[in-house]
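# Breakdown of the fold
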Amino acid sequence: EPHDITLAQASTWTKNYRNTITSSQTIAHYFGRAAIESILAQSDCVGIREYYALDDAGAKQIIIVGVDANGNDLYNGLLAERSVKCPQDCAAANPLNS
């Protein structure tokens, strides 16, 4: 499962995305460690899948769900949303967000 990406590539890709939206639109979602660890701690969970979503108000959301060794979503288990969005609560300026 090679998921590594260089900072240079990640910086380019996040900038590409930011160039397609207005400055008030969501550029990132933060999930706390407890939510992620709770999902990963589920029996048979080997990873996490993220789904793009729109809430009832039309705002961008991300839903995270555990995934088993066969690549199936553990949708009857724990799901997480309620991420902290940027803008509103962003990291200090860095190559991924500015």
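Residues numbered from 1 in each chain as written. Predicted model: local features only at pLDDT ≥ 70, side-chain atom pairs only at ≥ 80, totals over all residues. Heavy atoms only, no water.

## Overview of the overall build of the protein
What counts is decided by this rule: Elements are defined by DSSP. Helices are runs of H or I of four residues or more, strands are runs of E of two residues or more, and each kind is numbered from the N terminus. When charges are counted, neither His nor the chain ends are considered; positive counts come from Lys and Arg and negative counts from Asp and Glu. A charged residue contributes its charge at one atom only: NZ of Lys, CZ of Arg, CG of Asp or CD of Glu.
Across its full length, the protein carries 2 helices and 5 strands. Counting from the amino terminus, helix and strand elements in the protein follow one another as α-β-α-β-β-β-β. Principal-axis analysis of the C-alpha atoms gives the protein an extent of 40 × 35 × 20 Å. Computed over 7 positive and 11 negative side-chain charges, the inter-centroid distance for the protein is 11 Å.

## Section: the sheet that holds strand β3 (residues 60–67)
The criterion, for reference: The rule for pairing is simple: two strands pair if DSSP sees at least two bridges between them.
Spatially, β2-β3-β4 is the arrangement adopted by the 3 strands of the open sheet, whose pairing is antiparallel. Strand pairing shows two members of the sheet lacking a second neighbour, β2 (47–54) and β4 (79–80), which therefore form its edges. Relative to β3, β2 is paired through 8 bridges, and the arrangement is antiparallel. Within β3, the residue paired with Y52 across the bridge is I62.

## What about the side chain of T26?
Short version of the rule: The buried label goes to any residue with under 20% of its type's maximum accessible area, the exposed label to any with over 50%, and the partly exposed label to all in between, with areas taken from a 1.4 Å probe on protein chains only. We call two residues in contact whenever any of their non-hydrogen atoms come within 4.5 Å of each other.
Topologically, T26 is positioned in the loop between α1 (7–18) and β1 (28–30). Exposure remark for T26: the relative accessible area of 15% places this residue in the buried category. With residues up to four places along the chain from it excluded, the contact list for T26 reads Y17, I21, K60, K85, C86 and P87.

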